[in-house]
Amino acid sequence: MNESFTDISQIGEFGLIARLNEILQPYRDSLIVKGIGDDAAVYIPAEGKVQVVTTDALIEGIHFDLTYVSMRNLGWKSMVVNLSDLCAMLATPRYALITVAIPRKISVEMMENLYLGIKSACNEFNFALIGGDTTTTFGNMAISVTMIGEADKDIIPYRSGAKIGDYICVTGTLGLSYAGLKILLREKKKFLESEDKQNFKPNFEPFLKAIEKHLKPVPRFDIANKLKDLKVKVNSMIDISDGLSSDLLHICRQSNVGAEIYETSLPVDELVKKIAKDEFNEDYLPYVLNGGEDYELLFTVSESELKKLDPLYSDVKVIGRILDREQGIRLIREDKSEVDLEAGGWDHFKIKFEGR
Ligand SMILES: Nc1ncnc2c1ncn2[C@@H]1O[C@H](COP(=O)(O)OP(=O)(O)OP(=O)(O)O)[C@@H](O)[C@H]1O
Ligand SMILES: Cc1ncc(C[n+]2csc(CCOP(=O)(O)O)c2C)c(N)n1
Ligand SMILES: [Mg+2]
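Residues numbered from 1 in each chain as written. Chains lettered and ligands numbered in written order. Predicted model: local features only at pLDDT ≥ 70, side-chain atom pairs only at ≥ 80, totals over all residues. Heavy atoms only, no water.

Undergrad: Looking at this structure, how should I read the UniProt feature "binding site: substrate" (unreviewed entry) in the protein chain?
TA: According to UniProt, the positions carrying the feature "binding site: substrate" (unreviewed entry) are His-63, Glu-293 and Trp-346. Sequence-wise these annotated residues cover 284 residues; spatially they are packed, their C-alpha atoms never more than 11.0 Å apart. Tracing the backbone through its elements, the reader meets Glu-293 in the loop between helix H9 (285-290) and strand E10 (297-301). When its relative accessible area of 17% is taken as the criterion, Glu-293 is described as buried. Among the polar contacts made by the side chain of Glu-293, one reaches the side chain of Lys-77 at a distance of 3.0 Å. Tracing the backbone shows Trp-346 in the segment after strand E13 (338-340). Classification of Trp-346 by relative accessible area gives partly exposed; the value is 25%. (UniProt positions renumbered as here; feature names shortened; annotations may be inferred. Helix = DSSP H or I, 4+ residues; strand = E, 2+ residues; numbered from the N terminus. Buried < 20%, exposed > 50% of the residue type's maximum accessible area, 1.4 Å probe, protein only. Polar contact = N/O pair within 3.5 Å; in protein donor to acceptor, adjacent residues only side chain to side chain.)

Undergrad: Could you clarify how one ought to interpret the coordination of the magnesium ion (ligand 3) in this entry?
TA: Ideal values differ by geometry: the angle at a metal is 109.5 degrees with four tetrahedral donors, but 90 or 180 degrees with six octahedral donors. Within the first shell, the magnesium ion (ligand 3) binds the protein through Asp-85 (OD) and Asp-239 (OD), at distances of 2.0 Å. You can see Asp-85 sitting in helix H2 (residues 71-87) and its partner Asp-239 sitting in strand E8 (residues 236-239), a full 154 residues away along the chain. The class for Asp-85 is buried, based on a relative accessible area of 18%. For Asp-239, a relative accessible area of 3% corresponds to the buried category. (Donors = N, O, S within 2.8 Å, 3.2 Å for Na, K, Ca; no water.)

Undergrad: What am I meant to see in the site of ligand 1 here?
TA: Around ligand 1 sit Asp-56, Asp-85, Arg-159, Asp-239, Ser-241 and Asp-242, and those are all the residues in its vicinity. Contacts to ligand 1 include Asp-242, whose side-chain N or O atom sits 3.2 Å from an oxygen atom. A total of 620 Å² of accessible area belongs to ligand 1 in isolation, and the protein chains cover 33% of it. Looking at the shell around ligand 1, its residues break down into no nonpolar, one polar and five charged. (Near = heavy atom within 4 Å. Areas by Shrake-Rupley, 256 points an atom, 1.4 Å probe, with all protein chains shown as cover. Nonpolar A, V, L, I, M, F, W, Y, C, P; charged D, E, K, R; others polar.)

Undergrad: Hey, could you run me through helix H4 (residues 176-193) in this one?
TA: Because an α-helix packs 3.6 residues into every turn, residues spaced three or four apart end up facing the same way. End to end, H4 covers 26 Å across 18 residues, agreeing with the expected 26 Å (1.5 Å per residue, within 8%). Restricting attention to buried positions, one finds in H4 the residues Leu-176, Ser-177, Tyr-178, Ala-179, Gly-180, Leu-181, Lys-182, Ile-183, Leu-184, Leu-185, Arg-186 and Glu-187. (Expected span 1.5 Å × (residues − 1).)

Undergrad: Teacher, can you tell me more about the sheet that holds strand E9 (residues 258-262) here?
TA: In a beta sheet, neighbouring strands pair by backbone hydrogen bonds and run either parallel or antiparallel. Sheet architecture is open: seven strands sit in the order E8-E10-E7-E11-E9-E12-E13, paired in mixed fashion. At either end of the open sheet lies a strand with only one pairing partner, and these are E8 and E13. Neighbour to neighbour, the strand axes of the sheet diverge by 25 degrees on average, direction disregarded. One ladder, built from five bridges, connects strand E7 (residues 167-171) with strand E11 (residues 316-323); its direction is antiparallel. Within E11, the residue paired with Tyr-167 across the bridge is Arg-321. Where helix H7 (residues 244-255) meets the sheet, its contacts fall on E7, E8, E9, E10, E11 and strand E12 (329-332), and the angle it forms with E8 comes to roughly 150 degrees. (Pairing = 2+ DSSP bridges. Axes fitted to C-alpha atoms, helices over the stretch in contact; angles between N-to-C directions. Contact = heavy atoms within 4.5 Å.)

Undergrad: Looking at this structure, I do not really get the nonpolar core. What am I missing?
TA: For soluble globular proteins, nonpolar side chains are generally found buried alongside one another. Core analysis: the biggest nonpolar cluster contains 101 residues, and Met-79, Met-111, Leu-114, Tyr-115, Ile-261, Leu-298 and Phe-299 have the highest contact counts within it. Among the nonpolar cores identified, the runner-up in size contains five residues, and Ile-32, Tyr-95, Ile-130 and Ile-148 belong to it. (Core = buried A, V, L, I, M, F, W, Y, C linked by side-chain atoms within 4.5 Å.)

Undergrad: Would you mind showing me how to read the UniProt feature "binding site: Mg(2+) 1" (unreviewed entry) in the protein chain here?
TA: Cross-referencing UniProt, the feature "binding site: Mg(2+) 1" (unreviewed entry) maps to Thr-55, Asp-56 and Asp-133 in the present numbering. The residue Thr-55 is located in strand E3 (residues 50-59) in this model. The class of Thr-55 is partly exposed, set by a relative accessible area of 48%. If we ignore the near neighbours within four places in the chain, the residues touching Thr-55 are Asn-82, Ser-144, Val-145 and Thr-146. Taking the relative accessible area as the measure of exposure, Asp-56 reaches 28% and is therefore partly exposed. Aside from chain neighbours lying at most four places away, what touches Asp-56 is Val-81, Asn-82, Asp-85, Ile-143, Ser-144 and Val-145.

Undergrad: What should I look at first to understand a nonpolar patch on the surface in this one?
TA: Taken together, Val-33, Val-42 and Ile-44 make up a surface patch of nonpolar side chains, about 240 Å² in accessible area. Considering the arrangement of structural elements, one finds Val-33 in strand E1 (residues 32-34). You can call Val-33 exposed: its relative accessible area is 52%. (Patch = residues over 30% accessible without salt bridge, like charges linked within 9 Å, V, L, I, M, F, W, Y side chains within 5 Å. Salt bridge = Lys/Arg side-chain N within 4 Å of Asp/Glu carboxyl O.)

Undergrad: How should the packing of aromatic side chains be read in this particular structure?
TA: The geometry of an aromatic ring pair is captured by two quantities: the separation of the ring centres and the angle between the planes. Within the structure shown, the criterion is met by five aromatic pairs. Taking the centre distance of 5.7 Å and the plane angle of 50 degrees together, the rings of Trp-76 and Phe-125 count as tilted. Separated by 49 residues along the polypeptide, Trp-76 in helix H2 and Phe-125 in helix H3 (residues 108-125) bring together distant segments of the chain. Here Trp-76 falls in the buried class, since its relative accessible area comes to 5%. Summarising the aromatic geometry, the rings of Tyr-178 and Tyr-287 are spaced 4.9 Å apart at their centres and angled 90 degrees between planes, so their arrangement reads as edge-to-face. With a gap of 109 residues between them, Tyr-178 in helix H4 and Tyr-287 in helix H9 connect regions that are remote in the sequence. Among the residues examined, Tyr-178 registers a relative accessible area of 18% and is labelled buried. Here the aromatic residues Trp-76, Phe-125 and Phe-221 are joined through ring pairs into a cluster of three or more. In this arrangement the basic side chain of Lys-197 is found over the ring face of Phe-191, its NZ or CZ atom lying 6.0 Å from the centre. Looking at Arg-321, its charged tip hangs above the ring of Tyr-167, at a distance of 3.9 Å from the centre. (Phe/Tyr/Trp six-rings, centres within 6.5 Å; stacked < 30°, edge-to-face > 60°. Lys NZ or Arg CZ within 6 Å of the ring centre and 35° of its normal.)

Set out below in structure tokens:
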């Protein structure tokens, strides 16, 4: 790193807030009465809409590792994990609040880069960061973001809305983020074990698509907006943060239904298969079912709506059906055998994740 390291103590908490605020400005939104600078932010809610609020944190060591993540990507991702939750409610993002706990190893320049990542998310998805809180920590870095969006009350799809007979759909492909994380952690391990750290070159090039998906995920507003434009009635929806298996189970439990998904229909990038097999000698299926952090959308629609999804055929795949609760939640394997789908995705209190 050839960037200079200015200790935050040189400008202090309020100097830092002023510097970070400069990065975010100007942001023009006539509905913001007061942004950063007072005891609280003030905005005028849009008429005829409901407010949709979510919060999500990223913790060093749990969600990211400063040895491989850039501060810019970290800023971006801290916004995206929240944007994706709004997206899954078919809401439009408006405002964000951020709390950062900053260890002393972080410099002013690093915080500025974090905010450049935040700013690019603000620009890309058209929302403003209107406040936050800054503290230091003797422990790991922590970032907590709260995001406020707005939506048309009548079209919000809840986790509880899946109906028997619905088609289960997923956007994009699954497993890339986890595959990227596996490569990042492997190269980190190699770096730590290498004797000549100065000249260590990580082998990232063949895996960039997966690494990028992990470090710089994109919320699927493109699809959410098309679903709205095409007036598709979405019965239930969730974004895939913990992993397909766990997130589908959330829908099933809350909707009081069962489900079947077909192994042969799961959208998988060839790179996931290649990384699992060639790099780790593993089956790729757990990457797809349990990997998480793809921030794709999982949703269900009734048969009558299916035709409306035709224009989205390259980005949305049908992977299964919603069944009666008594039929359980199962995966139909390639050989037509059936297995119960377990919640194998990320659980903060059941981490048995190797490679860290
Ligand atoms: N500590 C908590 N106190 C109160 N409510 C909580 C708490 N943690 C989560 N929730 C609520 O539980 C529900 C599910 O939260 P969860 O974090 O699983 O969803 P998510 O944000 O989509 O997942 P992810 O964190 O993986 O993105 C949400 O309504 C959330 O507000
Ligand atoms: C260093 C490191 N180790 C492991 C992971 C994997 N991981 C962490 S949290 C999470 C689920 C989403 O979190 P939440 O439910 O809090 O939104 C996943 C898949 C990572 N990203 N970085
Ligand atoms: Mg979510």
